[in-house]
Amino acid sequence: MKMLALENISRTFANGSAGFKNVSLEAEKGEVIGVLGTSGCGKSTLLRVLSGLDQEYTGHVKVNGNAIKSVHKDIGIIFQEPRLMPWLTALENIAFGLKGAAKKQKQAEEFTNLVGLAGFEGHYPKDLSGGMAQRVSIARSLITKPEILLLDEPFSALDAFTKMQLQDLLLSIWKQYQTTMVLVTHDIDEALYLCDRIIILRGQPGEVYKELTVQQPRPRSRGDAELARQKEEILSFLNLNKTSQEDHYEKSNTPAK
Amino acid sequence: MSGKEEVLSRQISVKSKVRVQMPRKLRGILLGSAIPAVLLVVWQYLSHIGVFESHLMPAPTAVFDKLAEMVNDGSLYGHVGITLYRIFFGFVIGVSAAVVLGALVGYAKTAEHLLDPLIQAFRAIPSLAWVPLFILWMGIAEPSKITLIAVGVFFPVYLNIVSGIQGVDRKLIEVGKIYNFSDFELIKRIILPASLPSFLVGIRSGLGLGWMFVVAAELMGASKGVGYLLVVGQNTYSPDLVIASIVLIAILGKTSDSLLKKLEDRALHWQDSIGKKA
Ligand SMILES: Nc1ncnc2c1ncn2[C@@H]1O[C@H](COP(=O)(O)OP(=O)(O)OP(=O)(O)O)[C@@H](O)[C@H]1O
Ligand SMILES: [Mg+2]
């Protein structure tokens, strides 16, 4: 049985001119799926639907074969911004989603160490750097042990170096927990470095335009020649068959290489 | 030669650092009291040379003597006590009502549509306009005064709670929703702490209005209290008593506000803003 299955999901706004439509997708346990697409093609909307925050969609979302229609304890999400509670310390933020006081402290400490924040437990969000705050938010979503993790451009606001560190952190977590992940990103390199499969959305509303598999075994080298070739391919997908209007649109929105 | 200069400049910088760091609190107090102190001296001097006539504007020493006299014969405590009693209960009642209604209106859309227009309409009435009605209903004793104070305290607290709750970042609420929080948990763990800053602002301005209304209530009919002392001062032609009462109100108001400020600083230490030292 598939860990996660989307059956013909649509969620549109503004009389069907925005959002996404007819997205079908299946993910095995432990698979990492990347979602690429130009700005505004409904990637964030897709994750909001999967997380259960947005319930006004058509189609079915199935987790382990069971259709779900609201937030689900097996699905966690990491937002683009850390979204930490400013009145809680790093440790308390990490423990935020845990129910019941028993073992809370110990688990929170364990996850603090996992994301490499030992020594910063008592810091408030205002005293954390952007990368540290995003680590806290990663730990917060992992601590409830979700089987499926949704990530909405989780590293896009970080500098290149921190970004690479956190990508590797994510991979080590994936190795340890075999979490199924859906990663929305603007960064083609990031998708190629992390994902088993990449879905390309295009259009307004967005539809699945291409799907490609990344065969390279992990850990991958960031400078790998095969990955570079696939990057070319993806770039051409994102630019192919465009109308003149889209041309203009994409020039201003495709992330600079 | 250049080495010497370096040593010198370093010494200077060390010196200036020490000077800024050491008495931060003390320095604040000194700076804050500098202008009042100068004004006091000028006032005293002008009274001394007769520019201020003593039957209209007595010297600071005369005012102080008056305060000391009231302390010594014990009458001061009764007046201050009853005023504090009134403002305390008025404040507590006003804040409680504001918390309940504000939370309801801020959180539930239906409650907002039902209640907010009405409350806003009442807010447009100057609170003092209620006085005759309160006196007719409750007589001239404590209940009418306390009610007036409560009404005065209610509005700033209510407004701040509502805007605080409605201003809570939807993104933080979504985090709670992801963990399947119940409404109660959402309120307790996200909405209340997130709206605490604006709640505390409301409480402080509520207390300020509370002082205004306690004096107003006591001016209008009381046989005891700091506001009553003002009336007595006016009727007996003793400006020293009037000014002494004003000073008293200033001291009490400032003290109670500082207490709230301290509470605020303690409750909001997590806030990242200017005016907070790192
Ligand atoms: N609640 C909403 N009401 C109306 N329109 C919406 C809503 N949410 C999203 N949209 C519209 O849907 C479209 C897709 O938005 P979405 O945020 O999913 O894009 P995205 O692919 O994540 O873009 P980006 O890469 O810039 O984050 C946008 O045109 C947006 O204006
Ligand atoms: Mg987005």
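Quick caveat, the model's predicted, so the values are computed rather than measured. (Residues numbered from 1 in each chain as written. Chains lettered and ligands numbered in written order. Predicted model: local features only at pLDDT ≥ 70, side-chain atom pairs only at ≥ 80, totals over all residues. Heavy atoms only, no water.)

Student: Describe the sheet that holds strand E1 (residues 4-13) of chain A, with residues and values.
Tutor: The strands making up a sheet are joined through hydrogen bonds of the backbone, oriented either antiparallel or parallel. Residues and elements named next belong to chain A. Taken in spatial order, the four strands line up as E2-E1-E4-E5 in an open sheet, and their pairing is antiparallel. Only two strands of the sheet have a single partner each, and these edge strands are strand E2 (18-27) and strand E5 (66-68). For this sheet, the mean angle separating the axes of adjacent strands, direction not counted, is 30 degrees. Each of E1, E2 and strand E4 (58-63) is contacted by helix H1 (residues 43-51), which is oriented at about 125 degrees to E1, the strand it contacts most. (Pairing = 2+ DSSP bridges. Helix = DSSP H or I, 4+ residues; strand = E, 2+ residues; numbered from the N terminus. Axes fitted to C-alpha atoms, helices over the stretch in contact; angles between N-to-C directions. Contact = heavy atoms within 4.5 Å.)

Student: So, the packing of aromatic side chains: which residues are in play, and what are the values?
Tutor: Residues and elements named next belong to chain B. Applying the stated rule across the entire model yields 13 aromatic pairs over all chains. Ring centres of tryptophan 130 and phenylalanine 134 lie 6.0 Å apart, and the angle between their planes is 10 degrees; on these two criteria the pair is classed as stacked. Residue classification places tryptophan 130 among the buried residues on the basis of a relative accessible area of 17%. Relative to phenylalanine 181, the ring of tyrosine 179 has its centre 6.4 Å away and its plane inclined at 35 degrees; by these criteria the two rings are tilted. Taken individually, tyrosine 179 and phenylalanine 181 each receive the classification buried, so the pair is uniform in this respect. (Phe/Tyr/Trp six-rings, centres within 6.5 Å; stacked < 30°, edge-to-face > 60°. Buried < 20%, exposed > 50% of the residue type's maximum accessible area, 1.4 Å probe, protein only.)

Student: Summarise the sheet that holds strand E9 (residues 197-202) of chain A; cite the residues concerned and give the values.
Tutor: All names here are of chain A. Spatially, six strands are ordered E6-E7-E8-E3-E9-E10 in an open sheet, and the strand pairing comes out mixed. Every interior strand has two partners, whereas the edge strands, strand E6 (75-78) and strand E10 (207-213), have only one. Recorded for the sheet is a direction-independent mean angle of 20 degrees between the axes of neighbouring strands. Sheet analysis places strand E3 (residues 32-37) next to strand E8 (residues 180-184), joined by four bridges and oriented parallel. Note that in E8 the partner of glycine 34 across the bridge is leucine 183. Strands E3, E6, strand E7 (148-152), E8 and E9 of the sheet are contacted by H1, whose axis makes an angle of about 150 degrees with E7. The strands that helix H4 (residues 130-142) touches are E6 and E7; relative to E6, the one it contacts most, it runs at about 175 degrees.

Student: Could you give an account of helix H7 (residues 142-166) of chain B, with specific residues and numbers?
Tutor: In a regular helix each residue adds 1.5 Å, so 25 residues correspond to 36 Å; H7 of chain B covers 36 Å between its end C-alpha atoms and thus fits that length. Within H7 of chain B, the axis deviates most sharply at phenylalanine 154 of chain B, by approximately 30 degrees, and proline proline 156 of chain B lies no more than four positions further along. (Expected span 1.5 Å × (residues − 1). Bend = angle between axes of the 7 residues up to and from the residue.)

Student: Which residues make up the packing of H7 of chain B against helix H9 (residues 183-220) of chain B, and what are the values?
Tutor: Residues and elements named next belong to chain B. Close contact between H7 and H9 brings their axes to 7 Å; oriented N to C, the two are set at 160 degrees. Taken together, H7 and H9 sit at an angle that is classed as roughly antiparallel. Here H7 and H9 pass one another in a crossing that is right-handed. (Parallel < 35°, antiparallel > 145°, perpendicular 65-115°, else oblique. Left-handed = near helix turned anticlockwise from the far one by under 90°.)

Student: If you had to explain the site of ligand 1 to someone new, which residues and values would you point to?
Tutor: All names here are of chain A. Within the structure, ligand 1 sits among Phe13, Ala18, Gly19, Ser39, Gly40, Cys41, Gly42, Lys43, Ser44, Thr45, Glu153 and His186. In the environment of ligand 1, an oxygen atom lies 2.7 Å from a nitrogen or oxygen atom belonging to the side chain of lysine 43. Elements that contribute at least two residues to the shell around ligand 1 include exactly E2 and H1. In terms of residues, the shell around ligand 1 owes the most to one element, H1, which gives three residues. Class assignment for the residues of the shell around ligand 1 results in three nonpolar, seven polar and two charged. (Near = heavy atom within 4 Å. Polar contact = N/O pair within 3.5 Å; in protein donor to acceptor, adjacent residues only side chain to side chain. Nonpolar A, V, L, I, M, F, W, Y, C, P; charged D, E, K, R; others polar.)

Student: So, empty space enclosed by the protein: which residues are in play, and what are the values?
Tutor: All names here are of chain B. Taken as a whole and judged by the stated rule, the model has four cavities of 30 Å³ or more. What the largest cavity holds in volume is close to 100 Å³. What lines the largest cavity is simply Val131, Phe134, Ile135, Ile140, Ser144, Lys145, Leu148, Ala217, Met220 and Gly221. Where the lining of the largest cavity is concerned, the elements lending two or more residues are helix H6 (131-138), H7 and H9. Tallied by class, the residues present in the lining of the largest cavity amount to seven nonpolar, two polar and one charged. (1 Å grid on protein atoms, 1.4 Å probe; cavity = no way out; pocket = protein on both sides within 12 Å on 5 of 7 lines; lining within 4 Å. Points joined across faces, edges and corners; volume = space filled by probe spheres on them.)

Student: I'd like a description of the domain arrangement of chain B, backed by residues and values.
Tutor: How big an interface is tends to be stated in terms of accessible area lost as the parts join. Residue and element names in this part refer to chain B. Parsing chain B into structural domains produces domain 1 (2-48) and domain 2 (60-277). Placing the centre of domain 1 and that of domain 2 at their C-alpha centroids yields a distance of 36 Å. Taken together, the contact between domain 1 and domain 2 spans five residues of the former and four residues of the latter. A combined buried area of about 400 Å² lies between domain 1 and domain 2, and 72% of that area is made up of carbon and sulfur atoms. It is Arg24, Trp43 and Gln44 in domain 1 that bury the most area against domain 2; as a group they hold 87% of the surface buried on that side. Counting across the domain 1 and domain 2 interface gives zero salt bridges. Counting the contacts that link domain 1 with domain 2 gives one residue pair in polar contact (both at pLDDT 80 or more). (Domains from an automatic or database assignment. Buried area = accessible area lost by both parts, 1.4 Å probe. Salt bridge = Lys/Arg side-chain N within 4 Å of Asp/Glu carboxyl O.)

Student: Report on the side chain of asparagine 160 of chain B, specifying residues and quantitative values.
Tutor: All names here are of chain B. With respect to the element layout, asparagine 160 can be found in helix H7. On the basis of relative accessibility, which here comes to 18%, the residue asparagine 160 falls in the buried class. In this view, asparagine 160 contacts Ser198, Val201, Gly202 and Ser205; residues no more than four positions away in its chain are not counted.

Student: Now, about the state of the cysteines: what can you tell me, with residues and values included?
Tutor: Residues and elements named next belong to chain A. One pass over the structure, following the stated rule, counts zero disulfides over all chains. A disulfide-free cysteine, cysteine 41 has its sulfur positioned 15 Å from the sulfur of cysteine 195, the nearest such atom. By relative accessible area, cysteine 195 is classed as buried at 0%. (Disulfide = S-S within 2.5 Å.)

Student: Account for the pattern of salt bridges, with residues named and values stated.
Tutor: Scanning the model with the defined rule gives 25 salt bridges over all chains in all. Arginine 222 of chain A serves as the salt-bridge partner of aspartate 168 of chain A, at 3.6 Å between the closest nitrogen and oxygen. Of the two residues, aspartate 168 of chain A is situated in helix H5 (residues 160-177) and arginine 222 of chain A in the loop between E10 and helix H7 (225-239); the sequence distance between them amounts to 54 residues. Owing to a relative accessible area of 37%, arginine 222 of chain A belongs among the partly exposed residues under this scheme. Each of Arg48, Glu81 and Arg83 of chain A together with Arg170, Lys171 and Glu174 of chain B takes part in one network of salt bridges that share partners.

Student: Tell me about the interface of chain A and chain B, and please be specific about residues and values.
Tutor: With 20 residues of chain A at the interface, the matching set in chain B holds 19 residues. Summing both partners gives a buried area of about 2000 Å² for chain A against chain B, and 64% of it is carried by carbon and sulfur. At the boundary of chain A and chain B, one finds three salt bridges. Salt-bridge contacts for glutamate 174 of chain B lead to arginine 48 of chain A; the nearest nitrogen and oxygen are separated by 2.7 Å.

Student: If you had to explain the pairing of E8 of chain A to someone new, which residues and values would you point to?
Tutor: Residues and elements named next belong to chain A. Taken across its five residues, E8 has five buried, putting it largely inside the fold. Burial along E8 is two-sided: the face carrying Thr180, Val182 and Val184 and the face carrying Met181 and Leu183 are both buried. Bridging between E7 and E8 involves five bridges; their strand directions are parallel. Considered in E8, the bridge of leucine 151 is made with leucine 183. What joins E7 to E8 is H5, and the crossover it makes is right-handed. (Right-handed = clockwise from strand over helix to strand, strands pointing away.)

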